[in-house]
Amino acid sequence: MIVLVALTLLVALLGSAMVSVGIAAAHVWKRGPWWATIAGGAAGGLLVGAFVRLLGIDAFNLLFGRAPSGMTGGLEGAALGAVAGFAFWVASRRTDARLRGKVAFAGALGAAAGLLIVVLGGHLLGGSLNLLAHEYDQSRLRLGQIGLLFGERGFGPVSELITGALEAGLFAACVVGAILYAQRRLLERRG
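Residues numbered from 1 in each chain as written. Predicted model: local features only at pLDDT ≥ 70, side-chain atom pairs only at ≥ 80, totals over all residues. Heavy atoms only, no water.

Trainee: What am I meant to see in the overall build of the protein chain here?
Mentor: Per the secondary structure count, the protein chain includes seven helices and zero strands. Shown N-terminal to C-terminal, the secondary structure of the protein chain runs as helices and strands in the order α-α-α-α-α-α-α. The C-alpha radius of gyration of the protein chain comes to 18 Å, within 12% of the 16 Å expected for a compact globule of 191 residues. Dimensions of the protein chain along its principal axes, counting C-alpha atoms only, are 60 × 35 × 30 Å. Burial status across the protein chain gives 41% buried among its 191 residues. Residue pairs at least 24 apart in sequence account for 72% of intrachain contacts in the protein chain once pairs closer than 6 positions are excluded. Accessible surface for the protein chain amounts to roughly 11,200 Å². Of this, 70% is attributable to carbon and sulfur atoms. If the 16 positive side-chain charges of the protein chain are averaged to one point and the 9 negative ones to another, these points end up 14 Å apart. (Helix = DSSP H or I, 4+ residues; strand = E, 2+ residues; numbered from the N terminus. Rg over C-alpha atoms; globule rule 2.2 N^0.38 Å. Buried < 20%, exposed > 50% of the residue type's maximum accessible area, 1.4 Å probe, protein only. Contact = heavy atoms within 4.5 Å. Areas by Shrake-Rupley, 256 points an atom, 1.4 Å probe, with all protein chains shown as cover. Lys, Arg positive; Asp, Glu negative; His and termini not counted. Charge placed at Lys NZ, Arg CZ, Asp CG, Glu CD.)

Right under this line is the structure:
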């Protein structure tokens, strides 16, 4: 469990850092066009998603002689980064809304993107872990208890949809919230 949590935190931190840097760089460089923040977020997500997937596949090939197919990667990362970029662009334009409302909007948009990714056949972290558990017979990783919460026998399609929505919603909300908070702190320091 500790290894799984540590790996998840590492991937989440790396992903959020790259997407945030992409969004911030695009926002500073182009000063606000909607497409720039979306492209910056997508580029950051694509880079980290592709890197983590490549690293994971190489590690599994090295250690076990084969790697699972269908794991999350660059396309899913680009989609989540683009959604976070769009949510930030919208949130930064809304002067009437509080930070809480902007973060909630980003979370809702991210959750919708997570659902769409899974519906279109992609996998986020929960789905990727489920693929790993089924690919390696000796694995002690079991996600069946999550499925029980949703009336499934094992980690099924409903479980993957819900965990995908939760993952993506939390990711987008945290990225947008962190950028907006940092932006507000910078403005307060400047006077």
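Here the narrative resumes.
Trainee: I would appreciate a short explanation of the nonpolar core in the present structure.
Mentor: Across soluble globular proteins, nonpolar side chains have a tendency to be buried as a group. Grouped together as the largest cluster of nonpolar side chains are 18 residues, with contacts concentrated most on Val19, Ile23, Leu80, Phe88, Val175 and Val176. For this core, the secondary structure elements donating two or more residues are α1 (2-30), α3 (74-93), α4 (99-119) and α7 (157-190). Not counting the four nearest positions on each side in its chain, Val19 is found in contact with Gly41, Gly44, Gly45, Gly81, Ala84, Phe171 and Val175. (Core = buried A, V, L, I, M, F, W, Y, C linked by side-chain atoms within 4.5 Å.)

Trainee: Can you walk me through the packing of α3 against α4 in this structure?
Mentor: Packed helix pairs are specified by the crossing angle of their axes together with the interaxial distance, meaning the distance between the axes. With their axes 9 Å apart at the nearest point, α3 and α4 run at an angle of 155 degrees to one another. By the angle between their directions, the pair α3 and α4 is classed as roughly antiparallel. Every pair of crossing elements has a handedness; the one defined by α3 and α4 is right-handed. On the side of α3, the interface is formed by Glu76, Ala79, Leu80, Val83, Phe86, Ala87, Val90 and Ala91, while α4 contributes Lys102, Phe105, Ala106, Leu109, Gly110, Ala113 and Ile117. Along the lines of polarity and charge, the residues of the contact of α3 with α4 split into 12 nonpolar, one polar and two charged. (Axes fitted to C-alpha atoms, helices over the stretch in contact; angles between N-to-C directions. Parallel < 35°, antiparallel > 145°, perpendicular 65-115°, else oblique. Left-handed = near helix turned anticlockwise from the far one by under 90°. Nonpolar A, V, L, I, M, F, W, Y, C, P; charged D, E, K, R; others polar.)

Trainee: How should the packing of helix α2 (residues 34-64) against α3 be read in this particular structure?
Mentor: Running from N to C, α2 and α3 cross one another at 150 degrees; their axes reach a closest spacing of 6 Å. With respect to α3, the axis of α2 lies roughly antiparallel. The handedness of the crossing between α2 and α3 is right-handed. Facing Trp34, Thr37, Ile38, Gly41, Ala42, Gly45, Leu46, Gly49 and Ala50 of α2, the residues of α3 in contact are Gly74, Leu75, Gly77, Ala78, Gly81, Ala82, Gly85, Phe86, Phe88 and Trp89. Its residues placed into classes, the contact of α2 with α3 shows 11 nonpolar, eight polar and no charged.

Trainee: Please clarify how the environment of Gly74 should be interpreted in this entry.
Mentor: Along the polypeptide, Gly74 turns up in helix α3. Exposure remark for Gly74: the relative accessible area of 12% places this residue in the buried category. Each C-alpha atom of the pair Gly74 and Leu170 lies 19 Å from the other, and the pair is 96 residues apart in sequence.

Trainee: Any chance you could explain the environment of Leu115 here in plain terms?
Mentor: Note that Leu115 resides in helix α4. For Leu115, a relative accessible area of 36% puts it in the partly exposed group. The residues contacting Leu115, other than those within four sequence positions of it, are Leu161 and Ala165.

Trainee: Which parts of the structure should I look at to understand α3?
Mentor: Since the α-helix advances by 3.6 residues per turn, residues separated by three or four positions end up pointing in the same direction. Compared with the 28 Å implied by 1.5 Å per residue over 20 residues, the 28 Å span of α3 between its first and last C-alpha is a close match. Here α3 lies mainly inside the structure; 14 of its 20 residues are buried. (Expected span 1.5 Å × (residues − 1).)

In short, the description is geometric, and any link to function would need to be established separately.
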